[in-house]
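Below, each chain spelled out in residue letters.
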Amino acid sequence: MSTSTMPSYKNLRLERREAVTVLFVNRPQVLNAINRETLGEIGDAARAFVADPEQRALVVTGQGEKAFISGADINELAPLGPAAAEDISRFGQSVVDLFEQSPKPVIAAVNGYAFGGGCELALACHMRLASENAVLGLPEVKLGIIPGYGGTQRLPRLVGPGRALELILSARNVKADEAERIGLVNRVVPRATLIDEAVALAEAILKNGPLAVRAVLESAHRGLDLPLEAGLRVESGQFGILAASDDMHEGLKAFLDKRPAQFRNR
(Lines give C-alpha, C1' and ligand atoms only; values in the text may rest on other atoms or scores of the structure.)
Protein backbone atom coordinates (compact mmCIF):
# COMPACT_ATOMS: atom_id res chain seq x y z
CA MET A 1 0.00 0.00 0.00
CA SER A 2 1.51 3.30 -1.04
CA THR A 3 1.88 6.14 1.40
CA SER A 4 2.81 9.77 0.98
CA THR A 5 3.67 12.20 3.73
CA MET A 6 2.32 15.75 3.68
CA PRO A 7 4.12 17.90 6.29
CA SER A 8 1.92 20.98 6.48
CA TYR A 9 1.43 21.84 10.16
CA LYS A 10 3.53 22.63 13.19
CA ASN A 11 1.70 20.27 15.55
CA LEU A 12 0.23 17.70 13.16
CA ARG A 13 1.57 15.16 10.71
CA LEU A 14 -0.52 13.92 7.80
CA GLU A 15 -0.14 10.82 5.67
CA ARG A 16 -2.12 9.75 2.66
CA ARG A 17 -2.72 6.05 2.23
CA GLU A 18 -4.56 5.94 -1.07
CA ALA A 19 -8.00 7.43 -0.30
CA VAL A 20 -7.45 7.43 3.49
CA THR A 21 -5.87 10.35 5.34
CA VAL A 22 -4.09 9.56 8.62
CA LEU A 23 -3.81 12.56 10.95
CA PHE A 24 -1.23 12.34 13.75
CA VAL A 25 -1.36 14.85 16.60
CA ASN A 26 2.38 15.45 16.78
CA ARG A 27 3.41 16.87 20.17
CA PRO A 28 4.95 13.78 21.76
CA GLN A 29 7.11 15.92 24.07
CA VAL A 30 3.90 16.83 25.97
CA LEU A 31 2.10 13.51 25.29
CA ASN A 32 0.23 15.20 22.43
CA ALA A 33 -1.62 17.62 24.70
CA ILE A 34 -3.69 20.04 22.64
CA ASN A 35 -3.48 23.80 23.01
CA ARG A 36 -5.43 26.41 21.08
CA GLU A 37 -2.87 26.45 18.27
CA THR A 38 -3.15 22.69 17.86
CA LEU A 39 -6.94 22.83 17.95
CA GLY A 40 -6.82 25.41 15.17
CA GLU A 41 -4.59 23.16 13.08
CA ILE A 42 -6.86 20.17 13.67
CA GLY A 43 -9.81 22.26 12.52
CA ASP A 44 -7.97 23.38 9.39
CA ALA A 45 -6.92 19.80 8.59
CA ALA A 46 -10.46 18.48 9.14
CA ARG A 47 -11.97 21.08 6.83
CA ALA A 48 -9.31 20.38 4.17
CA PHE A 49 -10.05 16.65 4.41
CA VAL A 50 -13.79 17.18 3.91
CA ALA A 51 -13.15 19.46 0.94
CA ASP A 52 -10.72 17.06 -0.78
CA PRO A 53 -12.63 14.75 -3.16
CA GLU A 54 -9.65 12.39 -3.37
CA GLN A 55 -9.64 11.71 0.38
CA ARG A 56 -12.64 9.66 1.46
CA ALA A 57 -11.91 8.58 5.06
CA LEU A 58 -9.92 9.96 7.98
CA VAL A 59 -8.01 8.15 10.75
CA VAL A 60 -7.03 10.29 13.76
CA THR A 61 -4.25 9.17 16.11
CA GLY A 62 -1.36 10.41 18.23
CA GLN A 63 2.34 10.45 17.47
CA GLY A 64 4.50 8.11 19.53
CA GLU A 65 3.96 5.06 21.70
CA LYS A 66 2.39 6.57 24.82
CA ALA A 67 -0.44 8.94 24.01
CA PHE A 68 -3.33 9.52 21.67
CA ILE A 69 -3.99 12.96 23.16
CA SER A 70 -3.28 13.35 26.87
CA GLY A 71 -5.73 16.23 27.24
CA ALA A 72 -5.84 19.98 26.99
CA ASP A 73 -2.70 21.98 27.77
CA ILE A 74 -3.19 22.86 31.47
CA ASN A 75 -0.65 25.69 31.30
CA GLU A 76 -2.91 27.40 28.80
CA LEU A 77 -6.10 26.80 30.79
CA ALA A 78 -4.84 27.81 34.23
CA PRO A 79 -4.93 31.61 33.84
CA LEU A 80 -8.31 31.81 32.09
CA GLY A 81 -11.17 33.87 33.47
CA PRO A 82 -14.87 33.08 32.89
CA ALA A 83 -15.23 34.66 29.45
CA ALA A 84 -11.99 33.22 28.10
CA ALA A 85 -12.79 29.78 29.53
CA GLU A 86 -16.18 29.73 27.85
CA ASP A 87 -14.55 30.90 24.62
CA ILE A 88 -11.96 28.09 24.55
CA SER A 89 -14.68 25.57 25.37
CA ARG A 90 -16.80 26.77 22.45
CA PHE A 91 -13.75 26.79 20.19
CA GLY A 92 -12.81 23.24 21.15
CA GLN A 93 -16.40 22.10 20.65
CA SER A 94 -16.47 23.65 17.19
CA VAL A 95 -13.30 21.77 16.22
CA VAL A 96 -14.31 18.31 17.44
CA ASP A 97 -17.78 18.86 15.94
CA LEU A 98 -16.09 18.82 12.54
CA PHE A 99 -15.32 15.11 13.01
CA GLU A 100 -18.83 14.19 14.11
CA GLN A 101 -20.41 16.22 11.31
CA SER A 102 -18.05 14.96 8.61
CA PRO A 103 -19.90 13.45 5.63
CA LYS A 104 -16.98 11.03 5.30
CA PRO A 105 -16.04 8.34 7.87
CA VAL A 106 -13.75 9.42 10.71
CA ILE A 107 -12.06 6.74 12.84
CA ALA A 108 -10.12 7.38 16.05
CA ALA A 109 -7.11 5.08 16.52
CA VAL A 110 -6.55 5.48 20.26
CA ASN A 111 -2.91 4.50 20.78
CA GLY A 112 -2.38 5.27 24.47
CA TYR A 113 -3.57 7.93 26.89
CA ALA A 114 -6.79 9.67 25.83
CA PHE A 115 -7.70 12.00 28.66
CA GLY A 116 -9.88 15.09 28.84
CA GLY A 117 -9.95 16.85 25.49
CA GLY A 118 -8.31 13.83 23.87
CA CYS A 119 -11.08 11.53 25.02
CA GLU A 120 -13.63 14.12 23.89
CA LEU A 121 -12.07 14.28 20.44
CA ALA A 122 -12.24 10.48 20.19
CA LEU A 123 -15.89 10.56 21.26
CA ALA A 124 -16.67 12.87 18.35
CA CYS A 125 -15.25 10.42 15.80
CA HIS A 126 -17.67 8.02 14.14
CA MET A 127 -15.78 4.94 15.38
CA ARG A 128 -12.99 4.17 17.82
CA LEU A 129 -10.33 1.47 17.73
CA ALA A 130 -8.03 1.19 20.74
CA SER A 131 -4.63 -0.37 21.27
CA GLU A 132 -4.13 -2.74 24.19
CA ASN A 133 -2.31 0.00 26.14
CA ALA A 134 -5.03 2.60 25.66
CA VAL A 135 -6.49 4.35 28.71
CA LEU A 136 -9.42 6.74 28.40
CA GLY A 137 -10.92 9.14 30.91
CA LEU A 138 -12.43 12.51 31.67
CA PRO A 139 -10.54 13.69 34.77
CA GLU A 140 -11.66 17.32 34.74
CA VAL A 141 -13.59 17.30 38.02
CA LYS A 142 -10.30 16.53 39.79
CA LEU A 143 -9.18 19.97 38.63
CA GLY A 144 -12.38 21.71 39.66
CA ILE A 145 -13.68 22.03 36.08
CA ILE A 146 -15.85 19.91 33.78
CA PRO A 147 -15.29 18.43 30.34
CA GLY A 148 -15.62 21.35 27.94
CA TYR A 149 -15.27 19.86 24.45
CA GLY A 150 -18.50 17.84 24.45
CA GLY A 151 -17.73 15.09 26.96
CA THR A 152 -20.80 15.64 29.15
CA GLN A 153 -23.00 15.32 26.07
CA ARG A 154 -21.40 12.62 23.91
CA LEU A 155 -20.35 10.12 26.59
CA PRO A 156 -23.92 9.66 27.93
CA ARG A 157 -25.18 9.18 24.38
CA LEU A 158 -22.52 6.54 23.77
CA VAL A 159 -22.49 4.46 26.97
CA GLY A 160 -25.70 5.57 28.72
CA PRO A 161 -26.22 8.33 31.29
CA GLY A 162 -25.65 6.28 34.45
CA ARG A 163 -22.34 4.83 33.33
CA ALA A 164 -21.22 8.14 31.84
CA LEU A 165 -21.97 10.08 35.00
CA GLU A 166 -20.12 7.50 37.09
CA LEU A 167 -17.02 7.93 34.93
CA ILE A 168 -17.20 11.73 34.71
CA LEU A 169 -18.04 12.37 38.38
CA SER A 170 -15.52 9.88 39.76
CA ALA A 171 -12.87 10.90 37.20
CA ARG A 172 -12.06 7.20 36.86
CA ASN A 173 -9.90 6.11 33.95
CA VAL A 174 -10.95 3.17 31.78
CA LYS A 175 -8.49 0.68 30.32
CA ALA A 176 -8.93 -0.68 26.83
CA ASP A 177 -10.67 -3.93 27.75
CA GLU A 178 -13.29 -2.18 29.87
CA ALA A 179 -13.71 0.52 27.24
CA GLU A 180 -14.59 -2.17 24.72
CA ARG A 181 -16.95 -3.92 27.14
CA ILE A 182 -18.99 -0.78 27.84
CA GLY A 183 -19.07 0.36 24.22
CA LEU A 184 -16.70 3.27 24.60
CA VAL A 185 -14.52 1.80 21.84
CA ASN A 186 -15.53 -0.52 19.03
CA ARG A 187 -12.70 -2.99 19.55
CA VAL A 188 -9.20 -3.45 20.95
CA VAL A 189 -6.32 -4.39 18.64
CA PRO A 190 -2.56 -4.90 19.11
CA ARG A 191 -0.58 -1.66 19.34
CA ALA A 192 1.69 -2.69 16.47
CA THR A 193 -1.20 -3.06 14.04
CA LEU A 194 -3.52 -0.30 15.27
CA ILE A 195 -3.05 2.15 12.38
CA ASP A 196 -3.12 -0.57 9.76
CA GLU A 197 -6.35 -1.98 11.21
CA ALA A 198 -7.94 1.47 11.35
CA VAL A 199 -6.98 2.05 7.71
CA ALA A 200 -8.28 -1.42 6.80
CA LEU A 201 -11.62 -0.59 8.46
CA ALA A 202 -11.77 2.65 6.49
CA GLU A 203 -10.97 0.82 3.26
CA ALA A 204 -13.69 -1.76 3.94
CA ILE A 205 -16.20 1.07 4.34
CA LEU A 206 -14.99 2.73 1.16
CA LYS A 207 -15.73 -0.37 -0.92
CA ASN A 208 -19.41 0.39 -0.42
CA GLY A 209 -21.57 2.94 -2.22
CA PRO A 210 -20.16 6.40 -1.37
CA LEU A 211 -23.57 8.08 -1.52
CA ALA A 212 -24.98 5.39 0.77
CA VAL A 213 -22.12 5.83 3.25
CA ARG A 214 -22.77 9.58 3.31
CA ALA A 215 -26.50 8.98 3.78
CA VAL A 216 -25.90 6.65 6.74
CA LEU A 217 -23.71 9.24 8.46
CA GLU A 218 -26.25 11.99 7.78
CA SER A 219 -29.18 9.90 9.01
CA ALA A 220 -27.43 8.72 12.16
CA HIS A 221 -26.05 12.15 13.06
CA ARG A 222 -29.35 13.97 12.58
CA GLY A 223 -31.44 11.20 14.08
CA LEU A 224 -29.60 11.18 17.41
CA ASP A 225 -31.00 14.64 18.15
CA LEU A 226 -34.57 13.74 17.16
CA PRO A 227 -37.41 11.64 18.55
CA LEU A 228 -37.52 8.19 16.93
CA GLU A 229 -40.46 9.03 14.67
CA ALA A 230 -38.71 12.11 13.30
CA GLY A 231 -35.46 10.19 12.89
CA LEU A 232 -37.27 7.52 10.89
CA ARG A 233 -38.56 10.24 8.54
CA VAL A 234 -34.97 11.40 8.02
CA GLU A 235 -34.00 7.82 7.17
CA SER A 236 -36.88 7.44 4.70
CA GLY A 237 -35.98 10.73 3.06
CA GLN A 238 -32.38 9.60 2.55
CA PHE A 239 -33.63 6.26 1.20
CA GLY A 240 -35.77 8.10 -1.31
CA ILE A 241 -32.93 10.40 -2.39
CA LEU A 242 -30.68 7.40 -3.04
CA ALA A 243 -33.33 5.88 -5.29
CA ALA A 244 -32.62 8.69 -7.76
CA SER A 245 -28.91 7.82 -7.92
CA ASP A 246 -27.07 5.78 -10.51
CA ASP A 247 -25.17 4.13 -7.67
CA MET A 248 -28.29 2.56 -6.15
CA HIS A 249 -29.33 1.01 -9.45
CA GLU A 250 -25.78 -0.15 -10.12
CA GLY A 251 -25.53 -1.71 -6.65
CA LEU A 252 -28.81 -3.59 -6.99
CA LYS A 253 -28.06 -4.73 -10.54
CA ALA A 254 -24.57 -5.89 -9.53
CA PHE A 255 -26.07 -7.94 -6.72
CA LEU A 256 -28.52 -9.62 -9.11
CA ASP A 257 -25.73 -10.17 -11.65
CA LYS A 258 -23.49 -11.60 -8.91
CA ARG A 259 -20.61 -9.23 -9.65
CA PRO A 260 -18.85 -6.41 -7.77
CA ALA A 261 -20.59 -3.05 -8.06
CA GLN A 262 -18.85 -0.22 -9.90
CA PHE A 263 -19.96 2.82 -7.94
CA ARG A 264 -19.44 6.26 -9.50
CA ASN A 265 -20.58 8.55 -6.67
CA ARG A 266 -23.58 9.82 -8.62
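Further up the page is the structure itself.
Residues numbered from 1 in each chain as written. Predicted model: local features only at pLDDT ≥ 70, side-chain atom pairs only at ≥ 80, totals over all residues. Heavy atoms only, no water.

Q: Sorry if this is basic, but what is going on with the state of the cysteines here?
A: As used in these notes, a disulfide is a covalent bond between sulfur atoms, one from each of two cysteines. Counted by the stated rule, this structure contains zero disulfides. Considering cysteine sulfurs only, Cys125 is the nearest to Cys119, which forms no disulfide, with 11 Å between them. Classification of Cys119 as buried rests on a relative accessible area of 3%. According to the relative accessible area criterion, Cys125 is buried, its value standing at 4%. (Disulfide = S-S within 2.5 Å. Buried < 20%, exposed > 50% of the residue type's maximum accessible area, 1.4 Å probe, protein only.)

Q: I keep staring at the pattern of salt bridges and nothing clicks. Help me out?
A: A complete count under the given rule lists 21 salt bridges for this structure. Glu15 is the salt-bridge partner of Arg13, the closest N and O atoms lying 2.7 Å from each other. With relative accessibility at 21%, the residue Arg13 sits in the partly exposed group. Of the charged contacts in the structure, one is a salt bridge between Asp52 and Arg16, with a shortest N-O distance of 2.5 Å. Of this pair, Asp52 sits in the loop between helix H1 (36-51) and strand S4 (57-62) while Arg16 sits in strand S2 (residues 12-17), and the two are 36 residues apart along the sequence. (Salt bridge = Lys/Arg side-chain N within 4 Å of Asp/Glu carboxyl O. Helix = DSSP H or I, 4+ residues; strand = E, 2+ residues; numbered from the N terminus.)

Q: Just checking my understanding: could you explain the side chain of Asn111 for this structure?
A: Along the chain, Asn111 falls in the loop between strand S6 (106-110) and strand S7 (113-115). Side-chain polar atoms of Asn111 contact the backbone oxygen of Gly62, separated by 2.9 Å. Contact partners of Asn111, with chain neighbours within four places excluded, come to Thr61, Gly62, Gly64, Glu65, Lys66, Ala67, Phe68, Ser131, Asn133, Arg191 and Leu194. (Polar contact = N/O pair within 3.5 Å; in protein donor to acceptor, adjacent residues only side chain to side chain. Contact = heavy atoms within 4.5 Å.)

Q: Looking at this structure, how should I read the sheet that holds strand S5 (residues 67-69)?
A: Think of a sheet as strands paired side by side through backbone hydrogen bonds, with each pair either parallel or antiparallel. Spatial ordering of the open sheet is given by S5-S7-S9-S10, a layout of four strands whose pairing is mixed. The outermost strands of the open sheet, each flanked by one partner alone, are S5 and strand S10 (174-175). As judged from the two bridges shared by S5 and S7, these two strands associate in the parallel manner. Bridging from a neighbouring strand, Ile69 pairs with Ala114 of S7. (Pairing = 2+ DSSP bridges.)

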